[in-house]
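# Summary of structural features
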Amino acid sequence: MTDKPTYDDWKPLADKEVKGRDLTWHTPEGIAVKPLYTSEDTAALVDPGVPGIAPFTRGPYASMYTGRPWTIRQYAGFSTAEESNAFYRRNLAAGQKGLSVAFDLATHRGYDSDHPRVVGDVGKAGVAIDTVRDMEILFDQIPLDTMSVSMTMNGAVIPVLAFYIVAAERQGVAQDKLAGTIQNDILKEFMVRNTYIYPPEPSMRIVSDIIAYTSANMPKFNSISISGYHMHEAGATAVQELAFTIADGKEYAKRAMEAGLDIDAFAPRLSFFWGIGMNFFMEIAKMRAARALWHDVMEGLGAQNPKSKMLRTHCQTSGVSLQEQDPYNNVIRTTVEAMAAVLGGTQSLHTNALDEAIALPTDFSARIARNTQLVIQEETGITNVADPLGGSYYIESLTAALVEQAKAMLDEVEAAGGMTEYVASGKPKAQIEEAAAAKQASVDRGETVIVGVNKYRRDKEDEIDTLDIDNHKVRQSQIARLEEVRAKRDDFACRAALDALARGAAQREGNLLALAVEAARHDATLGEISQAMEDAYGRYDTIPKPVRGVYAAAYAEDDRYQQVVEGVQAVERRLGRAPRLMVAKMGQDGHDRGANVIASAFTDMGFEVLSGPLFQTPGEACAMALEHDVDAIGASSLAAGHKTLIPELIGHLRDADRADIKVIAGGVIPQKDYDFLRDAGVQGIYGPGSNVVECAADVLRLLGHNMPPAGEDLDEAAQ
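Residues numbered from 1 in each chain as written. Predicted model: local features only at pLDDT ≥ 70, side-chain atom pairs only at ≥ 80, totals over all residues. Heavy atoms only, no water.

Under an unreviewed UniProt entry, the name given to the protein chain is Methylmalonyl-CoA mutase, and the organism recorded is Qipengyuania citrea. If you open the UniProt record of the protein chain and go to Sequence similarities (unreviewed entry), you find "Belongs to the methylmalonyl-CoA mutase family." Recorded under Cofactor (unreviewed entry), the UniProt text for the protein chain is reproduced unchanged: "adenosylcob(III)alamin". (UniProt positions renumbered as here; feature names shortened; annotations may be inferred.)

If you want it as structure tokens, here you go:
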């Protein structure tokens, strides 16, 4: 009997067939992926065991989907509570099993809809919630004693959770009957998403107070969803997402223990949230590695209950992988990512709609996204086997590699004093931004293929119907309800409850969520509850510091990149200084991946780049541009505020007699809005999938430089 063939036996045959080309693939994580895996690759690895038994690598539950499939959720919320409620009820009737609420950015940042800083944000990227009355309408005819509700909220988590509790009370549902999850993951906000309100330390008190309150009063409710999703969307590698998310979870557990809670009293209600991208097998391995890592972390903290060591998770398909170009390809991308989440063992799943690269989903696109999950559940047979890929040589090898690399990063975090200290150092944010810039450079150079964007691109794109929210109308309706609630409430009792909350925050007395629930019972608004804590803690602000050198290194030998660099130098000679670009983030949208990538790339190409602080008003952006005498302003918009905020900025520039400053726009902007923006004075629009080097070339043309089209040299352009 001959020995079984090995990798070494196979490789010479493969090398001959591909003429000696190296078939090893190096992933963004730095993992060398071989073209073939055999039993030799797993011989030295620890046996992953079986589902439901520690370390839970193969799944948290023994039966997995053979007993019950994952919960189908659709992350949704837009416009008013009435509109969102109608959307939820349609989805539930069509097969959705749980609710996942998206709030607008004004709500995330703790502002009532009548606040002057949120004029362009109300109702645009989620539902506006100002009062308990809004929350009651949001869940009208949806029984909260039987419906699992997930709420993505971090900054204004105290008033939102208080409103949910009081809305349930008014529906006749006791707190101990409420099931679902509140995200309550503030550390990742300081790294990537930026919808924070307060500084890190008081924010951590809020997290631990919520864990304490829900542990005592809401035994069926998950007090925190530790989120890697937003790191993934910001450009993190799988290793970064794993390590930083597990480190966040460890930090929250330690803080709760320091507050006097027994780890086994709260840890079984901790949950996680992963982003699922297009690297199919890596995403499956990531989820398996996460369960093994969390098991070891919780054992290290002294957990005894097996449920404390069991990582349970929600997943969402990637938004950043969706493309504006050839958008029906997004259905395919979402299906691939959904399959990865399921094969990785998720407990619930949201599938993104095909149009979310450019707008909020329509009923049509949301139905396709929801049916994607139903087809996988009902037609594929995947639910008949627990962890069907367990034992795969490739999957087990990837899982082990991720565990090893993530552990090294976790050790680095621990050496820095824990995740709060590590976040404060700015290191994780910088590492993620560097990974994002490297990925964008790889896409721009065509090394990473995006079908329909940098390869197989169509000559003409089809238009698709997108959802448009009348921001002005929504805001007016919210203001009217705010005024009605304020007019009918007992102001004395409301003020007394808010004063008690403010004292509790300032003097570390009582539980902040308990105090906020009392204020909500007296109809305090979201903005008033947030302000009571802001009076004690202040409002946290940062200025972006984009990374440098990534684009320059990636494009060192690229002719087109050198053309742009030479063009920048020519403009510099003409102006007597480098051309100045201000990158502006207006409104309450804190998603800054795109803005930081642009700032990094343009800096490397020789522009003088001024990164404006997050959350500017158009007036503040204009004043900053005038103060620094910029040549162009790049307005980054990912949250649908472009039709309000960018024209207002242009109006301020014209009022200041500086219409010569070019205004360009980038981000999530539907094609049907391009003419509106151009009519308002926008001179360049760059949607998802735009090549950053070509964007820079276009800006040079706007600044009067004779920049040749791509593929044409300077001499040809001169002729």
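This next bit is on the domain arrangement of the protein chain. Domain boundaries in the protein chain define domain 1 (9-71 + 236-424), domain 2 (74-181 + 457-539) and domain 3 (548-701). Just the C-alpha atoms count here: the centres of domain 2 and domain 3 sit 33 Å apart. Between domain 2 and domain 3, the contact holds 13 residues from the first and 15 residues from the second. Between domain 2 and domain 3, the buried area comes to about 1300 Å², and carbon and sulfur atoms account for 51% of it. (Domains from an automatic or database assignment. Contact = heavy atoms within 4.5 Å. Buried area = accessible area lost by both parts, 1.4 Å probe.)

The subject of this paragraph is the pairing of strand β8 (residues 224-227). Burial of β8 is two-sided: the residues I224 and I226 facing one way and the residues S225 and S227 facing the other way are all buried. Note: β8 against strand β9 (residues 270-276), 4 bridges, orientation parallel. Paired with I224 across the bridge in β9 is L270. (Buried < 20%, exposed > 50% of the residue type's maximum accessible area, 1.4 Å probe, protein only. Helix = DSSP H or I, 4+ residues; strand = E, 2+ residues; numbered from the N terminus. Pairing = 2+ DSSP bridges.)

Here we take up the sheet that holds strand β16 (residues 684-686). Across the sheet, 5 strands lie side by side as β13-β12-β14-β15-β16; this open sheet has parallel pairing. Both edges of this open sheet fall to β13 (608-611) and β16, since each of them pairs with a single strand only. Each neighbouring strand pair of the sheet contributes to a mean axis angle of 20°, computed without reference to strand direction. Set on the sheet, helix α23 (residues 593-604) makes contact with β12 (580-584), β13 and β14 (632-637); between it and β12 the angle comes to about 170°. Along the sheet face, helix α24 (residues 618-627) touches β12, β13 and β14 and points at about 160° away from the line of β12. (Axes fitted to C-alpha atoms, helices over the stretch in contact; angles between N-to-C directions.)

The subject of this paragraph is unusual backbone geometry. The amide bond that connects A54 to the next residue, P55, takes the cis arrangement and shows omega of 10°. Of note, P55 is situated in the loop between β2 (32-33) and β3 (71-76). Phi is positive for N194, close to 70°, though the residue is something other than glycine. Here N194 shows up in the loop between α6 (187-193) and α7 (200-217). The backbone of F615 shows a phi angle near 70°, a positive value even though the residue is not glycine. Relative to the assigned elements, F615 resides in the loop between β13 and α24. Residue classification places F615 among the buried positions, given a relative accessible area of 4%.

Another aspect to go through is the nonpolar core. In terms of nonpolar packing, the biggest core is built from 78 residues, with W274, L402 and M419 touching the most fellow members. Take this core: its biggest share by element is 11 residues, from helix α11 (residues 280-300). Not counting the four nearest positions on each side in its chain, M419 is found in contact with L187, M191, F244, A247, D248, E251, V413 and P428. (Core = buried A, V, L, I, M, F, W, Y, C linked by side-chain atoms within 4.5 Å.)

Attention now moves to a negative patch on the surface. The grouping of D3, D8, D9 and E40 at the surface amounts to a negative patch. With respect to the helices, strands and loops of the structure, D3 is situated in the segment before α1 (7-17). The class for D3 is exposed, based on a relative accessible area of 72%. (Patch = residues over 30% accessible without salt bridge, like charges linked within 9 Å, V, L, I, M, F, W, Y side chains within 5 Å. Areas by Shrake-Rupley, 256 points an atom, 1.4 Å probe, with all protein chains shown as cover. Salt bridge = Lys/Arg side-chain N within 4 Å of Asp/Glu carboxyl O. Lys, Arg positive; Asp, Glu negative; His and termini not counted. Charge placed at Lys NZ, Arg CZ, Asp CG, Glu CD.)

On to a nonpolar patch on the surface. On the surface, V449, V451 and Y456 cluster together to form a nonpolar patch covering roughly 300 Å² of accessible area. For V451, the location among the structural elements is in the loop between α16 (427-444) and α17 (471-488). Residue V451 is classed as partly exposed on the basis of its relative accessible area of 39%.

A word on the pattern of salt bridges. Under the defined criterion, the tally for this structure stands at 48 salt bridges. Among the ionic pairs, D660 bridges to R658, the shortest N-O distance being 2.8 Å. Several salt bridges share partner residues, and in doing so they unite R580, E608, D629, R658 and D660 into one network.

Right, let's get into the pairing of strand β10 (residues 313-317). Taken across its 5 residues, β10 has 5 buried, putting it largely inside the fold. On the question of chirality, the crossover connecting β9 to the parallel β10 by way of α11 is right-handed. Where β10 meets strand β11 (residues 348-350), 3 bridges bridge the pair, whose relative direction is parallel. Following the sheet pairing, C315 is matched in β11 by L349. In the classification by handedness, the crossover that spans β10, the intervening helix α12 (residues 329-344) and the parallel β11 is right-handed. (Right-handed = clockwise from strand over helix to strand, strands pointing away.)

Taken N-terminus to C-terminus, the directions of α23 and helix α27 (residues 692-702) make an angle of 70°; their axes are 10 Å apart at the nearest point. One way to sum up the angle between α23 and α27 is to call them roughly perpendicular. The interaxial crossing formed by α23 with α27 has right-handed handedness. In this structure, α23 uses V597, I598, A601 and F602 to contact α27, whose residues at the interface are V692, C695, A696 and V699. Per-class residue counts for the contact of α23 with α27 are 8 nonpolar, no polar and no charged. (Parallel < 35°, antiparallel > 145°, perpendicular 65-115°, else oblique. Left-handed = near helix turned anticlockwise from the far one by under 90°. Nonpolar A, V, L, I, M, F, W, Y, C, P; charged D, E, K, R; others polar.)

This next bit is on the packing of aromatic side chains. In the structure shown here, the tally under the stated rule is 19 aromatic pairs. Note on F190 and Y540: the rings are 5.2 Å apart at their centroids and 90° apart in plane angle, and the pair reads as edge-to-face. Taken together, the positions of F190 in helix α6 and Y540 in the loop between α20 (526-537) and α21 (550-554) put the pair 350 residues apart, joining distant regions of the chain. Residue classification places F190 among the buried residues on the basis of a relative accessible area of 10%. On the basis of relative accessible area, Y540 is assigned to the partly exposed category, the value being 25%. Cation over ring: R445 sits above Y555, and NZ or CZ is 5.3 Å from the ring centre. The ring of F676 has K643 sitting right over it, with the charged end atom 5.2 Å from the ring centre. (Phe/Tyr/Trp six-rings, centres within 6.5 Å; stacked < 30°, edge-to-face > 60°. Lys NZ or Arg CZ within 6 Å of the ring centre and 35° of its normal.)

Moving on: the side chain of R593. Within the element layout of this structure, R593 appears in helix α23. One buried charged residue, R593, forms no salt bridge at all, with the nearest opposite charge on E233 at 6.3 Å. Separated by 2.9 Å, the side chain of R593 and the backbone oxygen of E233 make a polar contact. Beyond its immediate stretch of four places on either side in the chain, R593 contacts H232, E233, A234, G235, V320, A436 and K439. (Polar contact = N/O pair within 3.5 Å; in protein donor to acceptor, adjacent residues only side chain to side chain.)

Moving on: the side chain of N184. Along the polypeptide, N184 turns up in the loop between β6 (179-182) and α6. By relative accessible area, which is 1% here, N184 ends up buried. Engagement of the side chain of N184 in a polar contact is seen with the backbone oxygen of S223, the distance being 3.1 Å. Not counting residues within four places of it along the chain, the set of residues in contact with N184 comprises M153, N154, V157, V207, I210, S223 and I224.

Moving on, we get to the environment of G594. With respect to the element layout, G594 can be found in helix α23. Along the chain, G594 and G235 lie 359 residues apart, while their C-alpha atoms are 9.9 Å from each other.

This part covers the environment of C494. Note that C494 resides in helix α18 (residues 491-507). Accessibility expressed as a relative area gives 2% for C494, which makes it buried. Remark: the alpha-carbon pair of C494 and D523, spanning 29 residues in sequence, is separated by 6.7 Å. Beyond its immediate chain neighbours, meaning those up to four positions away, C494 contacts R489, H522, D523, A524 and E528.

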